[in-house]
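Below are the chains, spelled out letter by letter.
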Amino acid sequence: MILQTLAFYLFAAVLLASAVMVIASRNPVHSVLFLILAFFNAAALFVLIGAEFLAMILVVVYVGAVAVLFLFVVMMLDINLTELRQGFLQYLPVGALIGLVLVIELIMVLGGWQLSPELAAMAQTPTAAMSEYSNTAQLGQVLYTRYAFLFQGAGIVLLIAMMGAIVLTLRHRDVKRQKIARQVATKPGDTIEIRKIRPGEGV
Amino acid sequence: MNELALSDLQTALPELWLAVAGMALLMLGVFTSNRATRLIVGLAILVFIVAGVLVNTGRAGTAFDGLIIDDTFGAFMKTLILIGSGLTLVMSLGYIRREGMERFEFPVLIVFATLGMFVMVSANDLMSLYIGLEMQSLALYVCAAFQRDSLRSTEAGLKYFVLGAVASGMLLYGASMVYGFTGTTSFTALAAELGNGSDISLGVVVGLVFIAAGLAFKVSAVPFHMWTPDVYEGAPSPVTAFFSIAPKVAAVALLIRVLTGPFGGLFAEWQQIVFLLAVASMLLGAFGAIAQTNIKRLMAYSSIGHVGYILVGLAAGTAEGINGIAIYLATYIAMGIGAWGCILAMRRQQRMVEDISDLAGLSRSNPGLAAAFAIFMFSMAGIPPLAGFFGKFYVFLAAVNAGLYTLAVIGVLTSAVGAFYYIRIVKVMYFDEAGDAFDRPVGRELSWVIGIAAAFTLLFFVYTGPVLDGADAASRSLGIVAGGEAQTAALE
């Protein structure tokens, strides 16, 4: 148990530190790399509470797709961060005020948190221990049975999105393609012409 | 129930058929490249015909643990959607050949959009509602920007996409509120949970308002209509024709199902919203169209007005009102397809023209087309005995019977204003100085569609049976508890 607690504090500390670095670092590429580190640590936190499927999805989707996309964009755009930062102090009071409001709201929501009596009773009813089933299998079981229709429907939506991207952007330009057979069959005489040039005269 | 049963698949057969057929057409298109576009359009129309048979012979009931529902109402609306989608494809054949839109993705996108509309119409859960809505919208965004080299088309697509995403966000926010305060997303469970609307928390009402706002965007009701004129003007004409017909039916059907089903008990709350939307849409539809010179923009305002009249029936909240809406939608499809067919025929020297003044003297250069266009315009104005009159008549009758006299009076007055700009088009065609003639021939498919739509609009009053019976069965299958009737009784 102590090991888990230690691990939690380690991951949480790294997560918070890298999150701060995302907005504090001078180089946007470093920002994205810190973001990836934050994602990894959040995934580790998910593993600690036994949500391994969510952890894997976080890594695959956010690190694998979203962060890499960010990296691409950041590297392609020529952003001058010092210019962007100039108004920082000016906006600080407003930002701090909004942050304060959010914190108060959070305290109010969490302070007024109550569990209904039925829920307390439900917590008493025995369920199988967490170790007896994996949440990946559980998700799969409802996704492919009860929600099969929606799952397939979402698949079609993605197919349409893919078609749309292709329809709107793909252009068949006249690309010069490599024809290996012709290359191999070429004889020296087809491409090279040998001429005799006498001294003192042009071609 | 946690297992998939065969009966689930049977209930969802039309949706499954469209999904599988759409993917098959996509594969066919990929392997034949753009050579087989005409073939794929033909096959897509065939797919719609088969889907129509499946819809009307299907097994009724709920499926997938209550995620979707199939009933007479759904079958009626799906049939209308199929007619709209199929005929738009037929009409677009000539256009896509001429205007360099001959890419196989277009019919495939229409098939997938239709699939999304099917899911919307048969949604019985907030989650399936959202999936259906996104499926439809995403396909439509792409269709709007389909002519990617045209600045106006891409602008329309981008505008539609951004505003549509905002609307989806509002809808999702509302759905999350409703889920948070009731603990369920299923329409059946929501209806049981909300009961007759007494003793419900404010959170649910806030959620309902957001959901209604999101859906009002999709039907382009005022004040969520801003995108409509720009998108209608910018998108390629067959796509605009499609926008103004099939997705309207789907969104209206979805709005009816959501408001009368799970939120049936909150009638008093949503009636105010629908009332306001209806009044604002009717007024803006009537007055906004007057100053338009572009026929596509004019049709956009006209469609906003039509949505207003449709919402009058919903504000009544009775089975009679839904009956009126069903009849209205059936006649609206016929008029809409016909009018857009005529707009697609407006070509001069191989180019599309879109100004109302371009129609001048059409009665002399192409009397048939002018007569058909005049029929559609008179019908849209609601002049008896044309089809459009019946839709308005039943909707207003339901409003009067539900005690909504204000709404009915505003409706009649705005119809009179609307008649001005519809009949102005007829005047331009018949009495104005003739300009250059439009290109002949109009095209075989297009003239067939215009002819059939004109015949339906003109002769609807002779044989109203199938539409009226279908609408009646559809409205009764919803099993509305008649919040409106109780309300009216209280008023008297």
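Since we're looking at a predicted model, the values are computed, not measured.

(A) Quick look at the interface of chain B and chain A. On the side of chain A, 21 residues touch chain B, which itself brings 29 residues to the contact. Overall, the association of chain B and chain A removes approximately 2,200 Å² of surface from exposure, summing both partners, and the carbon and sulfur fraction of that is 80%. Where chain B packs against chain A, one counts 1 salt bridge. Taking the shortest distance from any N to any O, the salt bridge between Asp-65 of chain B and Arg-146 of chain A comes out at 2.8 Å. Run the count over chain B and chain A and you get 4 residue pairs in polar contact (both at pLDDT 80 or more). Elements represented by at least two residues in the side of chain B that touches chain A include exactly α2 (13-32), α5 (105-121) and α6 (126-144) of chain B. With 7 residues, α6 of chain B is the single largest residue contributor to the side of chain B that touches chain A. When its residues are assigned to classes, the side of chain B that touches chain A shows 22 nonpolar, 2 polar and 5 charged.

(B) How the structure looks around the nonpolar core. Counting 195 residues, the largest nonpolar core has Met-77, Phe-243, Phe-263, Leu-314 and Leu-359 of chain B as its most contacted members. When near neighbours in sequence (up to four residues on either side) are disregarded, Met-77 of chain B contacts Val-121, Val-249, Ala-253, Ala-326 and Leu-329 of chain B. If you look at the next biggest cluster of nonpolar residues, it comprises 7 residues, including Ala-42, Ala-43, Leu-45 and Leu-58 of chain A.

(C) Structural view of the pattern of salt bridges. Evaluated as defined, the whole model comprises 16 salt bridges over all chains. Through salt bridges with shared partners, a single network forms among Arg-152, Glu-155, Lys-159, Asp-230, Glu-233, Lys-296, Arg-297 and Glu-354 of chain B.

(D) Helix α2 (residues 28-48) of chain A, seen in detail. Residues and elements named next belong to chain A. Over its 21 residues, α2 runs 30 Å from end to end, which matches the ideal 30 Å to within 8%, given 1.5 Å per residue. By the burial criterion, the buried members of α2 are Ser-31, Val-32, Leu-35, Ile-36, Ala-38, Phe-39, Asn-41, Ala-42, Ala-43, Ala-44 and Leu-45. Looking at the packing, one finds that the buried side of α2 touches α1 (2-24) and α3 (52-76). With a side-chain oxygen positioned 3.0 Å from the backbone nitrogen of Val-29, the residue opening α2 is Asn-27. A positive phi of about 85 degrees marks Gly-50, the residue just after α2.

What counts, and where the lines are drawn
Residues numbered from 1 in each chain as written. Chains lettered and ligands numbered in written order. Predicted model: local features only at pLDDT ≥ 70, side-chain atom pairs only at ≥ 80, totals over all residues. Heavy atoms only, no water. Contact = heavy atoms within 4.5 Å. Buried area = accessible area lost by both parts, 1.4 Å probe. Salt bridge = Lys/Arg side-chain N within 4 Å of Asp/Glu carboxyl O. Polar contact = N/O pair within 3.5 Å; in protein donor to acceptor, adjacent residues only side chain to side chain. Helix = DSSP H or I, 4+ residues; strand = E, 2+ residues; numbered from the N terminus. Nonpolar A, V, L, I, M, F, W, Y, C, P; charged D, E, K, R; others polar. Core = buried A, V, L, I, M, F, W, Y, C linked by side-chain atoms within 4.5 Å. Buried < 20%, exposed > 50% of the residue type's maximum accessible area, 1.4 Å probe, protein only. Expected span 1.5 Å × (residues − 1).

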